[in-house]
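Structural characterization, general
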Amino acid sequence: MEALNLALFVVEAIAYFVLMVTLLHFRHRLGLGVFLTALGVMHFMETYLAAVFYVSLPFGDVSPGSSVFFSGKLMMILMLYLWEDAATVRQPIYGLFLGNLLTVGIAWVLQLHQPLQLSSNNTPDVDFLKEMGWLMIWGTALLYVDSLGIILLYEKLGDFFRRRVVLRFVISGFVLLTFDQVGFFAALHYFLDVPVAVFWGGWKAKMLSVCLYGAMFAVYEYRIRRLGADAAARSISDIFGDLTFRERYNDLLERTGRDMLTGVYDRTRMELEAPLMLREALRQGLFATVLIIDADHFKDVNDGHGHLQGDEVLKAIAARLGTTLRSSDRIFRFGGEEFVAVCPGTSHEEGLLLADRLRWTIETSVKTPDDKPVTVSIGVATADEDGISFTTVLTAADGRLYAAKKSGRNCVVGRSGMVQPS
């Protein structure tokens, strides 16, 4: 009997994987909702089976609901993340959690009824429904933590096994399902008095499931998906690129949008990020200050010492800006010898003090090749006092920079006029 149950255990895992991966594979034709709905429908069944349905295997008493279907769901969530993104993965998690809260609420309301007993063999068990509701909430909370954990662990393992995708897939499953077994069994033991002996059998069954799902994942990746219609003309490196998309994206995002000379962000990156930074600061009820910093008489440096020496001066200015500004601030090269700093959470008065500190730092630490101090002029404007859009605030700061130039340079001009150099 144990051998038969083990064979059925393997068949169930294969059937679950084939069905869910088929829906995932054709998600662009069928719609992702079909996959998510199937994932959600299975949730009640797996929780119910984990509570009441156990079979004997060679290594212990286990529930297919927990060992096959829940384990499969977690591995499916990791696969969904690999092919979509974390925001998509969170949708079924929050949906399941809210649905389970509703289940518990209804169970409490149902207890106020006086149900009819239509036959002696059909007695409503509302207490069991209440217990199932709490168990489903606990299981869904664990699933949420498991989902975040398996994704983060998979990404972290990329530092050591970047191209060993299947190995990362399996190790992540081993670690998070061990964590889940501890957490979920604690609830089973508390709510349903499941014996402690079941813990080890369930853990071994989940490890077996990870091995089965890992093997099928490997077959799918290297055989079916590689040779499928969507990937027929693609190389294996492209497939690896898909699987590690978020790692590659974050790395690419950090490397792109940089000014080649100074290393700070460029104007294109500014046009993308700065408006978002201002909107987010205003949404939180904070100020956001914009500084435009322009090197004084920079043409004289280029004309007198050459453009290479002028480049060194720009690099030195950018370095001083980077070390003086906070990590939450952003510095962009606006063009030529001009830089723009966006400082969320900074009032106009604080922005003026920051600008004057930048001006003083550059004057006292950056020199031309003939040992003359390099000075800068700075215009300061703040959202929402000078406007709520980045373009409006930048225009106000640019006008004040022009006023600083007219006032003799090496100074800061804000809303109320010039700040006297300290």
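These lines cover the structure that appears in this document, whether it is placed above or below. Just so you know, the residues in each chain are numbered from 1, in the order the chain's sequence is written. For a predicted model such as this one, the threshold for reporting local features is a pLDDT of at least 70, and the threshold for listing and counting side-chain atom pairs is 80 or more; totals across whole chains, interfaces and linings nevertheless cover every residue. Excluded from the side-chain calculation are hydrogens and water; included are all heavy atoms of the structure.

What follows concerns helix H7 (residues 165-192). Secondary structure follows DSSP: runs of H or I at least 4 residues long count as helices, runs of E at least 2 residues long count as strands, and numbering of each begins at the N terminus. Any helix carries an expected span of 1.5 Å times its number of residues minus one. The terminal C-alpha atoms of H7 lie 38 Å apart, and with 28 residues this matches the ideal 40 Å at 1.5 Å per residue to within 8%. Of the residues one or two after H7, Asp193 is the one with positive phi, at around 55°.

Quick look at the nonpolar core now. By nonpolar core is meant a set of buried Ala, Val, Leu, Ile, Met, Phe, Trp, Tyr and Cys residues that side-chain atoms within 4.5 Å join together. Here's how the labels work: a residue is buried when its accessible area is under 20% of the maximum for its type, exposed when over 50%, partly exposed in between, all with a 1.4 Å probe on protein chains only. Formed by 51 residues in total, the largest nonpolar core has its most connected members in Phe17, Phe35, Met76, Met79, Tyr213 and Phe217. Considering every element that reaches this core, the biggest residue donor is helix H4 (residues 64-83), with 13 residues. Note on contacts: a residue pair is in contact if any heavy atoms of the two residues lie within 4.5 Å. With near-sequence residues (within four places) excluded, Phe217 lies in contact with Phe17, Met79, Leu82, Val165, Val166 and Phe169.

Before going further, it helps to examine the sheet that holds strand E3 (residues 288-295). Two strands form a pair only when DSSP identifies at least two bridges running between them. Strand order in the open sheet made by the 6 strands is E4-E5-E3-E6-E7-E8, with mixed pairing throughout. The strands lining the two open edges of the sheet, one partner per strand, are strand E4 (330-335) and strand E8 (417-419). Sheet twist, expressed as the average angle between the axes of neighbouring strands with direction ignored, equals 25°. Note that E3 and strand E6 (residues 376-383) share 8 bridges and pair antiparallel. When the bridges of E6 are listed, Ala295 appears paired with Val376. Axes here refer to lines fitted to C-alpha atoms; in helices the fit is confined to the stretch in contact. Angles between the N-to-C directions go from 0 to 180 degrees. This element, helix H11 (residues 267-283), spans E3, E4, strand E5 (338-344) and E6 of the sheet and lies at about 135° to E4. Packed onto the sheet, helix H15 (residues 390-406) meets E3, E4, E5, E6 and strand E7 (412-414) and runs at close to 150° relative to E6.

Residue position: Ser71 is located in helix H4. Classification of Ser71 as buried rests on a relative accessible area of 0%. Side-chain polar atoms of Ser71 contact the backbone oxygen of Ser66, separated by 3.4 Å. In contact with Ser71, other than residues within four places in its own chain, are Ser66, Leu177, Lys206, Ser209 and Tyr213. Here a polar contact means two N or O atoms within 3.5 Å. Within protein one must be a hydrogen donor candidate and the other an acceptor candidate, and residues neighboring in sequence count only if both atoms are side-chain atoms.

Scope: geometric values only; no functional claims are made or implied.
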